[in-house]
Amino acid sequence: MMMSSCSAGPEGGYGSSYGSSYGSYGRELPHSPGYSATPPQQAVSSITTPSPKVSNKTKDRLGHKPGPKNFGTVIIDAGHGGRDSGAVVGGVSEKTLALDIARRLQSKLRGSFKAVFIRNGDYFVDLDRRVSATHKFDDAVLVSIHLNHSSSSSVRGPETYYFRVDSYSLAKRMQRAMAAVSPSEKSRGLVRRRLRLTRNPQIPCALVEIGYLSNSSERKLLAQSSYRDRMADALASALKAQKRSGDSGMGTLPAPLNRPLSRPGDRSGL
Ligand SMILES: [Zn+2]
């Protein structure tokens, strides 16, 4: 679940980690007009001439590049934790299932990747700290694991969120693999959305919603360890396929989007 607990939760503030991690990065974004510090003549010329090209370094950080191949590390982010339970329905809590699936995924990646946990226990980690924890890795991708919730109890099925161009194929592979396991496969389950964990990391990243706890039949499946194990298998096989083949066979990559960092309270659009 992203909307209430992840995006606008009580600890959703940017706090100190935002300032230290993103202060300089934010100023480099092409959207920043910076007119207040610019002499009048230059301000005029900046209006009449085309905007400067986005530098290659910035493009890299924004993920305007093909998806990863032969990468060595998978950073596994189990959503929520501690006082933030995420969705809780019928005694089943998102934070517990997310960590269970994260641990299953880690064991399935053994021998193929170095796997790193953002959290490996029932404790709270602020979203921006999750992002900054990825900054010391380069040859890596981030997978954030969640369980979904809707006010409509009929909504069900896995969903995968991505934003960056370099995350598209991995997200598509993970969505396809989860859909093959789920009895409620949806073709609309791959969604491009600017979230803190799809926009702000500087590495390829995707957020998976394994299924809806608010749907009673899907909740029963998710409560079964065998189903969670098959979903972890699906994610592992998608990661291995991406490592082996990169973007090959995944179709045309989406257009690059230069959008600002995702912040608490953002609406979830692009
Ligand atoms: Zn969640």
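Scope of this entry: the structure provided in the associated data block. In this text, all values refer to a predicted model and were calculated from it rather than measured experimentally. (Residues numbered from 1 in each chain as written. Predicted model: local features only at pLDDT ≥ 70, side-chain atom pairs only at ≥ 80, totals over all residues.)

Some thoughts on the overall build of the chain
Item 1. Tallying secondary structure elements over the chain gives ten helices and eight strands in all.
Item 2. Counting the 270 residues in the chain, one finds 43% classified as buried.
Item 3. Restricting to contacts in the chain with at least 6 residues of sequence separation, those with at least 24 account for 83%. (Helix = DSSP H or I, 4+ residues; strand = E, 2+ residues; numbered from the N terminus. Buried ≥ 20, exposed ≤ 12 C-beta atoms within 10 Å, placed from the backbone. Contact = placed C-beta atoms within 7 Å.)

Here's the deal with unusual backbone geometry
Item 1. For Asn70, which is not glycine, the phi dihedral falls at a positive 55°.
Item 2. Examined against the element boundaries, Asn70 turns out to sit in the loop between α4 (56-62) and β1 (73-78).
Item 3. The class for Asn70 is exposed, based on 9 C-beta atoms found within 10 Å.
Item 4. At His80, a residue that is not glycine, the phi angle is positive and equals roughly 60°.
Item 5. Residue placement: His80 occurs in the loop between β1 and β2 (88-89).
Item 6. According to the C-beta neighbour criterion, His80 is buried, with 28 such atoms within 10 Å.

Some thoughts on the sheet that holds strand β5 (residues 140-148)
Item 1. Strand order in the open sheet made by the six strands is β4-β1-β5-β8-β6-β7, with mixed pairing throughout. Strands with a single pairing partner mark the edges of an open sheet, and in this sheet they are β4 (114-117) and β7 (190-192). The sheet shows a mean angle of 25° between the axes of neighbouring strands, direction not considered.
Item 2. Pairing of β5 with strand β8 (residues 205-212), which is carried by six bridges, proceeds in the parallel orientation. Counted as the bridge partner of Leu142 is Cys205 from β8.
Item 3. Most of the contacts of helix α5 (residues 94-109) go to β5, to which it runs at about 145°, and overall it touches β1, β4, β5 and β8. (Pairing = 2+ DSSP bridges. Axes fitted to C-alpha atoms, helices over the stretch in contact; angles between N-to-C directions.)

Description of helix α10 (residues 225-245)
Item 1. Between its first and last C-alpha atoms α10 spans 30 Å; for 21 residues at 1.5 Å apiece the expected length is 30 Å, and the two agree.
Item 2. Of the positions making up α10, those classed as buried are Arg228, Met231, Ala232, Ala234, Leu235, Ala236, Ala238, Leu239 and Gln242.
Item 3. The elements touched by buried residues of α10 are β1, α5, β5, α7 (168-181), β8 and α9 (216-222).
Item 4. Phi turns positive, to about 60°, at Gly246, one or two residues after α10. (Expected span 1.5 Å × (residues − 1).)

Here's the deal with the nonpolar core
Item 1. Core analysis: the biggest nonpolar cluster contains 57 residues, and Val74, Ala206 and Leu235 have the highest contact counts within it.
Item 2. Beyond its immediate sequence surroundings of up to four residues, Leu235 is in contact with Leu105, Val143, Met174, Ala177 and Val208. (Core = buried A, V, L, I, M, F, W, Y, C linked by C-beta atoms within 7 Å.)

Quick notes on the packing of α5 against α10
Packed helices, taken two at a time, are described by the angle their axes make and the gap between the axes.
Item 1. In contact at an axis separation of 9 Å, α5 and α10 are set at 50° when each is read in the N-to-C sense. Taken together, the axis directions place α5 and α10 in an arrangement best described as oblique. Along this stretch, α5 crosses α10, giving a crossing that reads as right-handed. Each of Leu97, Asp100, Ile101, Arg104, Leu105, Lys108 and Leu109 in α5 lies in contact with α10, whose residues at this interface are Arg228, Asp229, Met231, Ala232, Asp233, Leu235, Ala236 and Leu239. (Parallel < 35°, antiparallel > 145°, perpendicular 65-115°, else oblique. Left-handed = near helix turned anticlockwise from the far one by under 90°.)

A few points about the packing of α7 against α10
Item 1. Across the interface, α7 lies against α10 with an axial gap of 8 Å and an inter-helix angle of 145°. Viewed along their axes, α7 and α10 form a crossing whose handedness is right-handed. For the pair α7 and α10, contact is made by Ser169, Leu170, Arg173, Met174, Ala177, Met178, Ala180 and Val181 and by Arg230, Met231, Ala234, Leu235, Ser237, Ala238, Ala241 and Gln242, respectively.
Item 2. Of the residues contributing to the contact of α7 with α10, the split by class is eleven nonpolar, three polar and two charged. (Nonpolar A, V, L, I, M, F, W, Y, C, P; charged D, E, K, R; others polar.)

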